[in-house]
Amino acid sequence: MPTPSSTPNEVRHSHSESALPQLPELEAATASDGFIEPEEYDTEYQALEVVFDPGITKHRRKSSLAHANAVAPKYSSSSCFVHALLEAQKAAEAGRAVPDVDSELHRNEKLGASPGMDSRMLTKVQLTDLALGVRELSRRFASMQLRMKVKTFFLLTKPHDKNILKYTREIAVWLLSQPDNYIVYADQNIRESKEFNAAGIIAQDSSFAPRLRYWTPALCVNRPHTFDFVVTLGGDGTVLYASWLFQRIVPPVLSFALGSLGFLTKFDYNSFPSIFDRCLNDGVTVSLRLRFEGTIMRSLRQEKGITEGCDLTREILGRETEGPTHRPAESFTILNEVVVDRGPNPIMSSTELYGDDEHLTSILADGICISTPTGSTAYSLAAGGSLCHPEIPSMLVSPICAHSLTFRPLILPDSMVLRVGVPYDARTTAWASFDGRQRVELRQGDYVTVSASRFPFPTIQSRKQNKDWFDSIARNINWGARQRQKPFMD
């Protein structure tokens with residue numbers, strides 16, 4: 001990372017600035033593997049993300065934030081679908097040339113991005129600027145149709161559900177049969193499935209063989225720009241898995257309702273030919289769902305076994321005096337919620353909650369749920385949190401069985417950076433989970449940083465966003481339903 005000179009009023013960041021562990025490289029593939037990419041995709045994948053001025057990233061407060069009067073960010077070109085549209089919007093406002101809005105927006109553009117530039121490292125100004133840009137873009141999306149040049153489809157389904165595998169095969173055959181010569185990627189795990197019957201698909205037409213390919217999680221991580229459309233077949237859990245696979249760049253997601261719940265699944269499978277025709281020919285309406293980035297910060301003193309006299313609040317909010325106190329361990333992008341709870345411990349957990357550069361409260365409870373607006377209908381709702389419309393830019397903080405009745409749920413702005421830490425004198429450890437996955441133990445002195453991700457989740461809408469969302473809560477939880485009150489009788 002460049003080492004620019006610091007300004008006098010900046011305070012040094014107390015955590016290691018080293019990048020998070022690199023994701024595994026994509027394994028070498030052969031033509032027989034079924035997921036060789038076209039020649040135009042062979043350029044080595046770069047870190048595809050918004051790039052900010054590195055001059056403001058070296059010296060930071062211990063809360064991973066810089067002062068609110070930091071230099072405004074400078075955006076460079078990006079291969080992310082959403083970020084490319086943001087740049088087009090900024091270019092139009094500045095009177096510059098506007099790039100075409102099509103699938104090439106998330107192809108192989110060579111960027112000078114730093115792979116360690118996570119959203120927890122952004123300044124307050126940068127987070128606010130990004131949030132405002134995404135809000136404005138989302139507002140415009142609600143009233144416009146986007147037409148994209150689509151070539152490659154990504155099919156995501158439940159590999160062990162035989163009924164859904166038949167539907168997956170039907171969609172794959174239909175897409176391969178279209179005159180546009182679409183490329184279809186199916187899950188590598190269903191390649192040998194009898195229900196999917198890949199050999200039978202290829203036997204129908206010899207031209208299907210080079211266009212029916214298979215994806216792996218490594219391909220999603222290393223080359224998400226390969227896909228133009230993600231098609232999910234299942235319930236909300238399948239959509240969440242799509243978010244989990246695409247931790248940064250996410251192609252637009254078209255979700256068919258074939259599961260138990262349908263807060264995120266908008267389309268009826270029985271009408272899939274007409275739905276595809278309408279999306280590909282007439283355009284789509286896209287809703288941008290806020291996602292969070294959660295990072296595990298490990299205490300260096302805990303790892304060295306030197307915890308006597310340590311104070312987590314002083315380490316997070318105070319000034320650095322003896323070098324770094326924490327290091328980033330793992331980072332995840334989530335669509336629903338980050339939960340920190342007591343795990344298998346028989347007693348309640350003791351944690352501390354920080355917001356930006358302030359200590360908000362001490363938490364004595366079974367845990368705490370920090371949810372996106374999308375996740376407000378999931379664990380957050382069960383914990384007593386409010387329903388929140390997806391277009392409201394917010395972070396929902398809900399205690400889980402709090403020991404104090406005064407600890408009520410909060411709705412905070414999405415420009416805040418929240419941290420939940422286990423104090424050094426806590427009786428037990430805590431456990432963090434991300435969208436119900438990847439359970440991680442937090443030892444005394446560790447904490448989780450939660451902030452708005454720079455990579456929102458674009459979902460394709462079947463109708464106006466307001467109508468979609470209100471229909472989903474009425475259909476799934478019978479929101480507002482009751483027996484009508486009888487009128488007075490004369």
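Residues numbered from 1 in each chain as written. Predicted model: local features only at pLDDT ≥ 70, side-chain atom pairs only at ≥ 80, totals over all residues. Heavy atoms only, no water.

(A) Looking closely at the side chain of Thr372. Mapping Thr372 onto the fold places it in the loop between strand S11 (358-371) and helix H10 (379-382). Looking at Thr372, the relative accessible area reads 0%, which means it is buried. Setting aside chain neighbours within four positions, we find Thr372 in contact with Leu290, Arg291, Phe292, Ile334, Leu335, Asn336 and Leu396. (Helix = DSSP H or I, 4+ residues; strand = E, 2+ residues; numbered from the N terminus. Buried < 20%, exposed > 50% of the residue type's maximum accessible area, 1.4 Å probe, protein only. Contact = heavy atoms within 4.5 Å.)

(B) Representation of helix H3 (residues 162-177) within the structure. Under the 1.5 Å per step criterion, the end-to-end length of H3 is 23 Å for 16 residues, consistent within 8% with the ideal 22 Å. Taken together, the buried positions of H3 are Ile164, Leu165, Thr168, Arg169, Ile171, Ala172, Val173, Trp174, Leu175 and Leu176. Among the residues of H3, the N-terminal cap falls to Asp161, whose side-chain oxygen and the backbone nitrogen of Asn163 are separated by 3.1 Å. (Expected span 1.5 Å × (residues − 1). Polar contact = N/O pair within 3.5 Å; in protein donor to acceptor, adjacent residues only side chain to side chain.)

(C) View of the nonpolar core. One finds Phe153, Ile171, Leu175, Phe196, Leu254, Phe256 and Phe276 to be the most contacted residues of the largest nonpolar core, which totals 43 residues. No other element matches the eight residues that H3 contributes to this core. Judged by nonpolar contacts, the second largest core, of 31 residues, contains Trp244, Met395, Ala430 and Val450. (Core = buried A, V, L, I, M, F, W, Y, C linked by side-chain atoms within 4.5 Å.)

(D) Up close: the pairing of strand S18 (residues 457-461). Counting buried residues along S18, five of its five residues qualify, which places the element largely inside the surrounding structure. The side-chain alternation of S18 yields two buried faces, one formed by Phe457, Thr459 and Gln461 and the other by Pro458 and Ile460. Pairing between strand S6 (residues 285-289) and S18: five bridges, direction antiparallel. The residue of S18 that forms the bridge with Ser287 is Thr459. (Pairing = 2+ DSSP bridges.)

(E) Representation of the packing of aromatic side chains in the model. Scanning the entire structure with this criterion turns up 20 aromatic pairs. Pairing Trp174 with Phe276 gives two aromatic rings, centres 5.6 Å apart and planes at 25°, and the pair type is stacked. With Trp174 in helix H3 and Phe276 in helix H7 (residues 272-282), this pair connects stretches of sequence that are 102 residues apart. Comparing Trp174 with Phe276, the two get one shared label, buried. On the basis of an interplanar angle of 40° and a centroid distance of 6.0 Å, the ring pair of Phe470 and Trp479 is categorised as tilted. The class of Phe470 is partly exposed, set by a relative accessible area of 36%. Clustering of aromatic rings is evident, with ring pairs tying together Phe153, Tyr167, Trp174, Tyr182, Phe229, Phe256, Phe267, Tyr269, Phe272 and Phe276. (Phe/Tyr/Trp six-rings, centres within 6.5 Å; stacked < 30°, edge-to-face > 60°.)

(F) Quick look at the confidence of the model for the protein. Taken over all residues, the pLDDT of the protein has a mean of 79, while the share at 70 or more is 73%. Confidence drops under a pLDDT of 50 for residues 1-78, and excluding neighbours within four residues, the segment shows 211 contacts in the predicted structure. Scored below 50 in pLDDT, residues 98-116 makes 61 contacts in the model with residues more than four places away or belonging to other chains. (pLDDT = per-residue confidence, 0-100.)

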